[in-house]
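Results of the structural survey
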Amino acid sequence: MNLRSPLRAAAPALCAFLPAFLPSCRVGPEEVDTVPTPLRVEPHSYANLDKWKTRHLELDLAVDFGQRELEGFATLTIEAQRADAEPLLVLDTRALEILDVACATPAGEFAPGLFRLGRTDAILGTPLYVDLPRGVLRVRVHYRTSPGASGLQWLEPSQTAGGAQPFLFSQSQAIHARSWIPCQDSPAVRATYAAEVATPLGLRAVMSAEQLGFDETKQRWTFRMPQEIPSYLIAIAVGELEFRALGERSGVYAEPSVLERAASELVDTEAMIAAVERLYGPYRWGRYDLLVLPPSFPFGGMENPRLTFATPTILAGDKSLVALIAHELAHSWSGNLVTNASWNDFWLNEGFTVYLEQRIIEAVYGPERSAMETALGMRSLRETVASMTSTPEDTRLQLSLDGRDPDDGMTDIAYEKGAAFLRRLEELVGRQDFDRFLREWFDEHAFQSVNTATFEAFLDERLFRHRRARNGAVDVAAWIHGTGLPEDAPTPRSARLEELERAAASFAAGKLAASDLALDPSQALELLVFLRALPPRTDSTLLAALDQRFSLTSTGNNEILATWLELSIRAPYPPAAEALERFLTTQGRRKYLKPLYAALAETPEGLERARAIYAQAKPLYHGIARGTIEGLLGL
Ligand code: BES
Ligand code: ZN
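**Some details on the domain arrangement of the chain**
Partitioning the chain into domains gives domain 1 (7-238), domain 2 (241-332), domain 3 (367-493) and domain 4 (495-633). On a C-alpha basis, the centres of domain 1 and domain 4 stand 42 Å from each other. At the junction of the two partners, domain 1 supplies six residues and domain 4 supplies five residues. Buried surface at the junction of domain 1 and domain 4, summed over both partners, amounts to about 440 Å²; 52% is from carbon and sulfur atoms. At the junction of domain 1 with domain 4, the criterion picks out three residue pairs in polar contact (both at pLDDT 80 or more). Across the side of domain 1 that touches domain 4, the residue classes break down as one nonpolar, five polar and no charged.

So this is what it looks like as structure tokens:
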């Protein structure tokens, strides 16, 4: 795509003619326009990726909990993508204070550079233009983050398990890396990185990288990521953390009081790694560690390479919620190794990952469990598709999120429709051939960023080419580019699953008493399948009977609790009111918050109550979760 717009061309010229001895040039935001959308290489980045690409990033950062800021240097080593690459580097930033920019040739010393910030866009942030004198291949930005950086959450000691030390964690996906690192914040760019992080005494820093060492006198931690990764996978956390090994190459970091519980919940991690390796080839990232975060973490998990970030809400005590670990681990192949080139291709990351997750669960826990988990996913997908009738274009696998927040793509479509499509392909050609095909997909695109068209071509070439008879059996274009859910979407069934769904229907119809339900309360997944199969508005007398039998209001399984509380809001079932408030004010996982606040907001009294709870809980929630909830509550 051609980037030479008159607007863009004008921007560098403003500085290019200033005397070279001026250390820097800061043109006010109003004076420099940004790159118009159609002229951008990638819809969610300002970077001129067709001219320059980052190959390596060095971070040198100090963590200041008092100011809630990171301050330091990001040094980018860049590579021209064409001989006539313009002498201008465009980086993404968001709410960063740029203190200085310096430029150097690979051999040379750093000299002050010319830079200016462009106009701020609500979704994309602010482009940083850096003039590149001839021969410059290294650019060093001295900067400071803002306390409200969208990609960082700073926690008070009271918001941690230990209660004594503060905590910091990042969440860069999709486009939040730019709020703590000036960079080409696009999944199409891959770079290695190295980092030095200075922390306050008594706190430990971890990153999505290999830990090289710790200098005690300087209180500095060093890291390096020798494999090329996209910016959304750069991650950091700082807090009172301890480590416990799970196996030879895996382990878990958590606050001391959580570590024991975390380690026993995650004992199957090594078995999961072995299961994926058997299917899709070697794990290529060295170690696989996990970090269990404080309850504010807005997601279930985040696949930061070498160090999955996970919510503590999965610690149920019975390993019933570890599919999340299978999921994040699977991203070490689908996503981290082979990466969506833009957020429009997000399904290549998440759909593949859900499919792999289901295969891991099947390999480690058996087909019955994976059938149940898959069925839950498909139920959710059908509900999602049904709720999206006014925005049918968002039910396509390949999206067009131009001009929108890429987080809008984080729906069941990318995840569950994507996985259903792969299951359909597997069903068509058989498991053996499909496994080989996927393995080749990962091997041949390892450490690359790819788009949907690349996958379609690979599918044609490698899966369909010698199977002309089968080719017509699945409408690939309908799956990828069509709306809704194709009728041939396969949902694995199992005898137990059907029993549970029948039981739910009979119970809801008043034909089966709670005491007669053949449900083993120690089988969390069965209870979950049963509860999810109940009508959303199940009568409160029925809920009371269930609560009596299974003590649902006091369950320690957060997945069950969230489902139960949603039913209790709609019934309504007042005895669960206190548990609801506790749940909403003690964890900030958006997946749990969203449906509960939405259910509350369905009635005027509920909305009022929701607003009161939110006012109390807000400091705990991450900005990403706040945004979602404020939207729901009209705040
Ligand atoms: N990579 C995602 C999380 C994500 C996606 C963060 C898009 C920001 C933007 C992660 O792998 C994920 O999918 N997490 C899920 C859990 C999973 C079991 C479906 C989550 O957090 O709910
Ligand atoms: Zn995922």
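Following the structure, the description resumes.
**A word on the coordination of the zinc ion (ligand 2)**
At the metal site, the zinc ion (ligand 2) is ligated by His 327 (NE2), His 331 (NE2), Glu 350 (OE) and Glu 350 (OE), and these contacts range over 1.9 to 2.7 Å. Geometry at the zinc ion (ligand 2) is irregular, judged from the six donor atoms that bind it and their angles of 53 to 160° at the metal. In the primary sequence, the donor residues of the zinc ion (ligand 2) line up as H-x3-H-x18-E.

**Here we look at the packing of helix α3 (residues 269-280) against helix α5 (residues 346-365)**
Contact geometry for α3 and α5: axes closest at 9 Å, N-to-C directions at 115°. Relative to α5, the crossing made by α3 is right-handed. Residue-level inspection shows Ala 271, Met 272, Ala 275, Val 276, Leu 279 and Tyr 280 of α3 in contact with α5, the latter providing Tyr 355, Leu 356, Arg 359, Ile 360, Ala 363, Val 364 and Tyr 365. Here the residues of the contact of α3 with α5 sort into twelve nonpolar, no polar and one charged.

**Thoughts on the sheet that holds strand β12 (residues 204-207)**
Strand order in the open sheet made by the four strands is β9-β10-β15-β12, with antiparallel pairing throughout. The open sheet has two edge strands with one neighbour each: β9 (152-155) and β12. Taken over all neighbouring pairs, the strand axes of this sheet differ in orientation by 10° on average, direction set aside. As defined by bridge partners, β12 adjoins strand β15 (residues 236-239) across four bridges and the pair is classed as antiparallel. In the sheet register, Val 206 faces β15, and the bridge partner there is Ala 237.

**Some details on the side chain of Ser 568**
Of note, Ser 568 is situated in helix α15 (residues 558-570). We classify Ser 568 as buried; its relative accessible area is 4%. For Ser 568, the side chain forms a polar contact with the main-chain oxygen of Leu 565, separated by 2.8 Å. Residue contacts for Ser 568: discarding those within four places in its chain leaves Leu 543, Tyr 573 and Ala 576.

**Overview of the pattern of salt bridges**
All chains considered together, the criterion is met by 47 salt bridges. Across the pair Arg 55 and Glu 228 runs a salt bridge, and its minimum N-O distance is 2.4 Å. Of this pair, Arg 55 sits in strand β1 (residues 52-64) while Glu 228 sits in strand β14 (residues 220-229), and the two are 173 residues apart along the sequence. Among the residues examined, Arg 55 registers a relative accessible area of 32% and is labelled partly exposed. One salt-bridge network, in which partners are shared between bridges, spans Arg 359, Glu 362, Glu 426, Arg 431 and Asp 435.

About the thresholds
- Residues numbered from 1 in each chain as written.
- Chains lettered and ligands numbered in written order.
- Predicted model: local features only at pLDDT ≥ 70, side-chain atom pairs only at ≥ 80, totals over all residues.
- Heavy atoms only, no water.
- Domains from an automatic or database assignment.
- Contact = heavy atoms within 4.5 Å.
- Buried area = accessible area lost by both parts, 1.4 Å probe.
- Polar contact = N/O pair within 3.5 Å; in protein donor to acceptor, adjacent residues only side chain to side chain.
- Nonpolar A, V, L, I, M, F, W, Y, C, P; charged D, E, K, R; others polar.
- Donors = N, O, S within 2.8 Å, 3.2 Å for Na, K, Ca; no water.
- Tetrahedral: all angles 85-135°; square planar, octahedral: opposite > 155°, others 65-115°.
- Axes fitted to C-alpha atoms, helices over the stretch in contact; angles between N-to-C directions.
- Helix = DSSP H or I, 4+ residues; strand = E, 2+ residues; numbered from the N terminus.
- Left-handed = near helix turned anticlockwise from the far one by under 90°.
- Pairing = 2+ DSSP bridges.
- Buried < 20%, exposed > 50% of the residue type's maximum accessible area, 1.4 Å probe, protein only.
- Salt bridge = Lys/Arg side-chain N within 4 Å of Asp/Glu carboxyl O.

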